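Close look at the chain arrangement
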Amino acid sequence: MKRLIENVENEGLDALLGERVLLMCAGYFYEGKLVGVNDSFVKLDDAAIVYSTGEWSSKSYADIQKLHQKEWYVQRGLIESFGKSKND
């Protein structure tokens, strides 16, 4: 029998609190500073939508547009993947 007995705290989104992140979601890619996480949504400061990432090796996104509010909320259920932003 295989058993996982390691308990790791502050993994996933929690580990990225305070960092600039890229959230790859079902409809759009969101970028911003991750300032809040709960079971339903995440909260981004200085949020933007990334319409074109450009080459992944590039230092910045090809087309990123700031949203009209300082704070933006994204439903966790729509996040397909996430990680640190190019703009960190």
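For the structure itself, consult the block above.
Rules used throughout
Residues numbered from 1 in each chain as written. Predicted model: local features only at pLDDT ≥ 70, side-chain atom pairs only at ≥ 80, totals over all residues. Heavy atoms only, no water. Salt bridge = Lys/Arg side-chain N within 4 Å of Asp/Glu carboxyl O. Helix = DSSP H or I, 4+ residues; strand = E, 2+ residues; numbered from the N terminus. Buried < 20%, exposed > 50% of the residue type's maximum accessible area, 1.4 Å probe, protein only. Core = buried A, V, L, I, M, F, W, Y, C linked by side-chain atoms within 4.5 Å. Contact = heavy atoms within 4.5 Å.

With that settled, the discussion passes to the pattern of salt bridges. Within this structure, the stated rule accounts for six salt bridges. With its nearest N and O atoms 2.8 Å apart, the salt bridge here joins Glu 31 to Arg 20. Of this pair, Glu 31 sits in strand β2 (residues 29-37) while Arg 20 sits in strand β1 (residues 20-25), and the two are eleven residues apart along the sequence. Just as Glu 31 is buried, Arg 20 falls in that class too. Put simply, Asp 46 and Arg 20 hold a salt bridge, and the shortest N to O gap is 3.3 Å. Separated by 26 residues along the polypeptide, Asp 46 in strand β3 (residues 41-52) and Arg 20 in strand β1 bring together distant segments of the chain. For Asp 46, a relative accessible area of 36% corresponds to the partly exposed category.

Next up on the list: the nonpolar core. Across soluble globular proteins, nonpolar side chains have a tendency to be buried as a group. The biggest cluster of nonpolar side chains holds 14 residues, and the ones touching the most others in it are Leu 23, Tyr 30, Leu 34, Val 42, Leu 44, Val 74 and Ile 79. Elements with a contribution of two residues or more to this core: β1, β2 and β3. Of all the elements, β3 adds the most residues to this core, at four residues. Once you skip the residues sitting within four places of it in the chain, Val 74 turns out to touch Leu 23, Cys 25, Tyr 30, Ser 40, Phe 41, Val 42, Leu 44 and Ile 79.

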